[in-house]
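# Fold and contact review
Residues per chain, in single letters:
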Amino acid sequence: MYKSDLVVKTNHLNTVLQNLSLAEIRIIQLAIVDARETNTGLSTDRPLRIDALRYAEVFETTRQNAYMRMKEAESTLFDRRFTYIDDNGNPKKTRWLQEVGYIDDEGAIEIVFTLAVVKGISRIDGAEDFFTSYLLKQTATMQSNYSVRLYELLIQWKTARKTPVFDIENFRGQLGLLENEYGRMYDFKQRVLDLAVKEINEKSDITVSYNQQKQGKSIIGFSFSIKLKASAVKPVTDSDTSIKLSNSQIKLFSSKLAELNELGSTAPIGKSTAEFAAIIADHLADPIKQKKYIPHLEKVGYKQEKSKG
């Protein structure tokens, strides 16, 4: 995998009603990651290429199987639609892609996202809390599209450790179920929900459990509790402590940090170096958010004062 393989989407895009297959979800995940890692960026007028070999390596399958899954997805992904709520509160429908093509002799697929998707992946609303992000490896070995989608929905609430109640009808659409699929609650829980919870608990960095919300005898929704596995919790070290920077230091070092190649993968897609530096400056002023930059500060000239004693 690439250095970070970080999948980042706005919460707005992450919670849309959609019905992608597992292969289609994986192609979109790779597109998000590769656009960020290669600094290609996402646009509505430039194709993004994904190779079958890359697909095979990330999702631990054979190259032949990757060819087959990607070619199948090429014939269906263009017709996939999703429903989202616009800024005025109105439901809108759009496609994921405006263009897709499989290159047989090169074993690659080229895709162009629609404007709604590009905005939902690359737009910055000024706060990290408006984004869902996770490492691709957390879902790479999952074999159910329901598991991946549930993980994406739940990881948005990782810090809170619990979710609000997900209304059953909306929740079904977010997981990718059609209206006539697993209509009986028993079938939904056995074939979709319990399967997804089990796979998340076995293969990802979180463990989850759920509670049923009832109205009379009918289940009208589900809420979830989320715990980060001990192996995923970073131990606290001396380097995790915050440091005090003056305004002039923040301005100086944020500009230098924005130029570091090793931080390039964390830059929001579509943002200039100056805009990335402004984001870093805000983070350096925050005792919590600055911690991820501390290991890099010495590389750009920062020298921490030694305590007297």
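About the thresholds
Residues numbered from 1 in each chain as written. Predicted model: local features only at pLDDT ≥ 70, side-chain atom pairs only at ≥ 80, totals over all residues. Heavy atoms only, no water. Helix = DSSP H or I, 4+ residues; strand = E, 2+ residues; numbered from the N terminus. Buried < 20%, exposed > 50% of the residue type's maximum accessible area, 1.4 Å probe, protein only. Contact = heavy atoms within 4.5 Å. Areas by Shrake-Rupley, 256 points an atom, 1.4 Å probe, with all protein chains shown as cover. Core = buried A, V, L, I, M, F, W, Y, C linked by side-chain atoms within 4.5 Å. 1 Å grid on protein atoms, 1.4 Å probe; cavity = no way out; pocket = protein on both sides within 12 Å on 5 of 7 lines; lining within 4 Å. Points joined across faces, edges and corners; volume = space filled by probe spheres on them. Nonpolar A, V, L, I, M, F, W, Y, C, P; charged D, E, K, R; others polar. Pairing = 2+ DSSP bridges. Phe/Tyr/Trp six-rings, centres within 6.5 Å; stacked < 30°, edge-to-face > 60°. Lys NZ or Arg CZ within 6 Å of the ring centre and 35° of its normal. Salt bridge = Lys/Arg side-chain N within 4 Å of Asp/Glu carboxyl O. Expected span 1.5 Å × (residues − 1). Bend = angle between axes of the 7 residues up to and from the residue. Axes fitted to C-alpha atoms, helices over the stretch in contact; angles between N-to-C directions.

## Some details on the overall build of the protein
The secondary structure content of the protein amounts to 11 helices and 11 strands. Expressed as a percentage of the 309 residues in the protein, the buried residues total 45%. Sequence-distant contacts, at least 24 apart, represent 65% of the contacts inside the protein between residues at least 6 apart. Surface accessibility of the protein: about 16,700 Å² in total, with carbon and sulfur atoms responsible for 49%.

## Comments concerning the nonpolar core
By size, the foremost hydrophobic cluster in this structure holds 65 residues, and its most contacted members are I111, F113, L150 and F171. Ranked by the residues each element gives to this core, the list is headed by helix α2 (residues 22-37), at 10 residues. One finds I250, F253, L263 and Y293 within the second-largest nonpolar core, a separate group that totals 18 residues.

## A short note on the layout of surface pockets
Empty space within the second largest pocket amounts to approximately 370 Å³. In terms of lining residues, the second largest pocket is bounded by 19 residues, among which L17, G173, L177, L178 and E179 are the most central. Contributing elements (two or more residues each) for the lining of the second largest pocket: β2 (17-18), β4 (81-85), α7 (168-175) and α8 (185-203). Taken together, the residues of the lining of the second largest pocket break down into eight nonpolar, five polar and six charged.

## Brief notes about the pairing of β4
Here β2 runs beside β4; their pairing, made up of two bridges, is antiparallel. Across the sheet, residue L17 finds its bridge partner in β4, namely T83. Inspection of the sheet shows β4 paired to strand β5 (residues 91-95) by five bridges, in the antiparallel sense. Note on β5: the bridge partner recorded for Y84 is K92. Hairpin connection from β4 to β5: five residues lie between these consecutive antiparallel strands, with G89 at a positive phi of about 85°.

## What about the packing of aromatic side chains?
When we look at a pair of aromatic rings, we describe it by the centre distance and by the angle of the planes. Taken as a whole and assessed by the stated rule, the structure comprises 13 aromatic pairs. Between F82 and Y84, the aromatic rings sit 6.0 Å apart at their centres with planes inclined by 50°, giving tilted as the arrangement. Residue classification places F82 among the buried residues on the basis of a relative accessible area of 2%. With centroids separated by 4.5 Å and ring planes inclined at 50°, the aromatic side chains of F82 and W96 adopt a geometry described as tilted. Taken together, the positions of F82 in strand β4 and W96 in the loop between β5 and β6 (97-103) put the pair 14 residues apart, joining distant regions of the chain. The aromatic ring of F78 is capped on one face by R95, whose charged end is 4.6 Å from the ring centroid.

## Section: the environment of N19
Structurally, N19 can be placed in the loop between β2 and α2. Once the C-alpha coordinates of N19 and G173 are considered, the two residues, 154 residues apart in sequence, prove to be 7.4 Å apart. Filtering out sequence-adjacent residues up to four positions away, N19 remains in contact with E24, R80, R81, G176 and L178.

## Considerations on the sheet that holds β4
With antiparallel pairing, three strands are arranged side by side in an open sheet as β2-β4-β5. Both outer strands of the open sheet, β2 and β5, are each paired with one neighbouring strand and no more.

## Remarks on the pattern of salt bridges
Tallying each qualifying case throughout the model produces 13 salt bridges. Here R69 and E72 are joined by a salt bridge, their closest N and O atoms 2.9 Å apart. With R69 and E72 both in helix α4 (residues 63-77) and three residues apart, the pair spans about one turn of that helix. Judged by its relative accessible area of 42%, E72 falls in the partly exposed class.

## Examining unusual backbone geometry
Phi at R161 is positive, roughly 70°, even though this residue is not glycine. Its place among the elements puts R161 in the loop between α6 (145-155) and β9 (166-167). The phi dihedral of Y182 falls on the positive side, at around 50°, and the residue is not glycine. Along the chain, Y182 turns up in the loop between α7 and α8.

## Details of α8
Helix length check: α8 (19 residues) gives 25 Å between terminal C-alpha atoms against 27 Å at 1.5 Å per residue, within 8%. Of all the bends in α8, the greatest, near 30°, is centred on L193. Within α8, burial applies to D187, F188, V192, L193, A196, V197, E199 and I200.

## Describing the sheet that holds strand β3 (residues 48-51)
Taken in spatial order, the three strands make up an open sheet running β3-β7-β6, and their pairing is antiparallel. Here the strands that pair on one side only, and so sit at the sheet edges, are β3 and β6. This sheet shows a mean twist of 20° between the axes of neighbouring strands, independent of strand direction. Pairing between β3 and strand β7 (residues 108-113): four bridges, direction antiparallel. Pairing of L48 across the sheet is with I111, part of β7. In the packing of α4 onto the sheet, the strands contacted are β3, β6 and β7, and the crossing angle to β6 comes to about 145°.

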